[in-house]
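Results of the structural survey
What follows is each chain in one-letter form.
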Amino acid sequence: DKERAEAIQQKNTQKLAGLHELLYAEQKHAVLILLQGMDAAGKDGTIKHVMSGVNPSGCTVTSFKVPTSEEAAHDFLWRIHKAVPQKGYMGIFNRSQYEDVLVTRVHKLVPESVWKSRYDRINDFEQLLAENNVVLLKFFLHISKDEQKRRFESRKDDPTKNWKISPADAREREFWDDYQSAYQDAIGKCSTRYAPWYVIPANKKWFRNLAVSQIIVDALEELKMKYPTVL
C-alpha cells in the first residue's frame, strides 16, 4: 500500500545517499541510470523523488532533446558517450540513445534500414560501457494512455505545471500505438545481461518511486563497495 511503500522508499533514499558516497570514495565504478517513457510518465518526478538524497556534486543529469546542429553532424551515439559519467560518479539520462530507435522510427526521420541497424550499435556501446565498470540501469516508466490523458488535464489546472503543456503533447498522443511497438522492440532487442531493461508500472507514482529506488539500491549493494584505506 502507499503508506508502507513511501516508508520503504524513504529508507532507500537514505541507503542511496550512503552508497553514493561509497561509489565516490572507491572510484572503481560509474553508475548510469536511463529513464525512458511516454510524455508525462514521470521521468522528472522520478529524478526528483528517488535521487533526493544523492550529493549533487557527484551526480549529473542530462536531458536529451532534439539534436543540436553539432550533435546532428556526428554519429547518433556521440552526444551520448560524452555524457557518460566517470568512475566514482552517477549519471542520469532523461531520455537517451533510445530516442534514435523511437522518435526517429515513429516519425520516419531516417530510413528503416538505418534505425534497424542501431539496435546492434546500442548493444555494442552498452557492452563497452559495462566492460569499463559502468553499471547501466535502464527504466521504462510504463503508464496507460488514460493515465497520460489524466495527467495532461491536471496540468492545465495547476499553475505550477501549466507551462509543461505544449501542442506537441496532443500530436504525439496520435502516435501512441506506434510508440508502444517501438518501445517493445527496443526493450526486447536491447535488454541484455550487462544492461537489462526494467519495465516499471508507473500509473501510481508511489509505486514507481519505490520500484526504481529498490532496484538502484540493490544494484549498488551488489558491488560490495568499501572505503579505501590510506596507508
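Here is a short report on the structure shown in this document. Position numbers for residues start from 1 in each chain and track the written sequence from start to end. Local features are withheld for residues below a pLDDT of 70 in this predicted model, meaning they are given only at 70 or higher, and side-chain atom pairs are given and counted only at 80 or more; totals for whole chains, interfaces and linings count all residues. Water and hydrogen atoms were dropped before computing side-chain values, which therefore reflect all heavy atoms in the structure.

Now for the sheet that holds strand β1 (residues 30-37). Strands qualify as paired when DSSP identifies two bridges or more between them. Helical segments are the DSSP runs of H or I of at least four residues, strand segments are the runs of E of at least two, and each set is numbered from the N terminus. Spatially, β2-β3-β1-β4-β5 is the arrangement adopted by the five strands of the open sheet, whose pairing is parallel. Every other strand in the sheet has two partners, leaving β2 (59-63) and β5 (197-201) as the edge strands with one partner each. Here the strands of the sheet are splayed against their neighbours by 20 degrees on average, with no regard to which way each runs. Where strand β4 (residues 134-142) lies against β5, five bridges are found, and the strand directions are parallel. Counterpart to Lys138 in the pairing with β5 is Trp197. Axis angles are defined between N-to-C directions and span 0 to 180 degrees, where every axis is a line fitted to C-alpha atoms and, for a helix, only to the segment in contact.

What follows covers helix α1 (residues 2-26). Helix length check: α1, at 25 residues, gives a terminal C-alpha distance of 35 Å against a target of 36 Å (1.5 Å per residue), a fit within 8%. Taken residue by residue, α1 has Ala5, Gln9, Asn12, Thr13, Leu16, Leu19, His20, Leu22, Leu23 and Glu26 as its buried positions. On its buried face, α1 is in contact with β1, α2 (43-50), β2, β3 (90-94) and α10 (205-221). You can read the cap of α1 off the contacts: a side-chain oxygen lies 3.2 Å from the backbone nitrogen of Glu3, and it is on Asp1. Phi turns positive one or two residues past the end of α1, at Gln27, with a value near 60 degrees. By definition here, a helix of n residues has an expected span of 1.5 Å times n minus one. When accessible area is computed with a 1.4 Å probe and restricted to protein chains, residues below 20% of their type maximum are described as buried, those above 50% as exposed, and intermediate ones as partly exposed. The criterion used for residue contact is that any of the two residues' heavy atoms lie within 4.5 Å. Under this definition, polar contacts are N or O atom pairs within 3.5 Å; protein pairs additionally need one hydrogen-donor-capable and one acceptor-capable atom, and for neighbouring residues in sequence, both atoms have to be side-chain atoms.

Just to be clear on terms, a salt bridge is a Lys or Arg side-chain nitrogen sitting within 4 Å of an Asp or Glu carboxyl oxygen. Counted under the stated rule, the structure contains 10 salt bridges. The salt bridge partner of Glu126 is Lys138, with a shortest N-O separation of 2.8 Å. Of this pair, Glu126 sits in helix α6 (residues 112-131) while Lys138 sits in strand β4, and the two are 12 residues apart along the sequence. Residue Lys138 is classed as buried on the basis of its relative accessible area, which comes to 0%.

This paragraph deals with a positive patch on the surface. Each patch is assembled from residues with relative accessible area greater than 30% and no salt bridge, linking like charges that lie within 9 Å and nonpolar side chains (Val, Leu, Ile, Met, Phe, Trp, Tyr) that lie within 5 Å. Note on areas: Shrake-Rupley with a 1.4 Å probe; residue coverage comes only from the protein chains shown. For the purpose of charge, His is not counted, nor are the chain termini; Lys and Arg are scored as positive and Asp and Glu as negative. Note that the charge is assigned to NZ on lysines, CZ on arginines, CG on aspartates and CD on glutamates. On the surface, Lys48, Lys161, Lys164 and Lys205 cluster together into a patch of positive charge. Its location among the elements puts Lys161 in the loop between α7 (145-156) and α8 (167-173). Taking relative accessible area as the criterion, Lys161 reaches 33% and is therefore assigned partly exposed.

We now examine the packing of α1 against α10. Where α1 meets α10, the axes come as close as 9 Å, and the angle between the chain directions of the two elements is 35 degrees. The handedness of the crossing between α1 and α10 comes out as left-handed. Here Lys2, Ala5, Glu6, Ile8, Gln9, Asn12, Lys15, Leu16 and Leu19 of α1 come into contact with α10, specifically with Trp206, Asn209, Leu210, Ser213, Gln214, Ile216, Val217, Leu220 and Glu221. Any residue outside Ala, Val, Leu, Ile, Met, Phe, Trp, Tyr, Cys, Pro, Asp, Glu, Lys and Arg is labelled polar, Gly included; the first ten of those are nonpolar and the last four are charged. Of the residues in the contact of α1 with α10, the class split is nine nonpolar, five polar and four charged. A clockwise turn of the near helix away from the far one marks a right-handed crossing, whereas an anticlockwise turn of less than a right angle marks a left-handed crossing.

Quick look at the nonpolar core now. Leu32, Phe93, Tyr98, Leu129 and Val134 are the most contacted members of the largest nonpolar core, which totals 32 residues. Listed by contribution, the elements that provide at least two residues to this core are β1, α6, β4 and α9 (176-190). The element best represented in this core is α9, accounting for seven residues. Once you skip the residues sitting within four places of it in the chain, Phe93 turns out to touch Leu32, Ile33, Leu34, Leu35, Thr62, Phe64, Ile80, Ala83 and Val84. With 30 residues, the next largest nonpolar core counts Leu22, Leu35, Ile47 and Val54 among its residues. Nonpolar core, defined: a set of buried Ala, Val, Leu, Ile, Met, Phe, Trp, Tyr and Cys residues in which side-chain atoms within 4.5 Å join the residues together.

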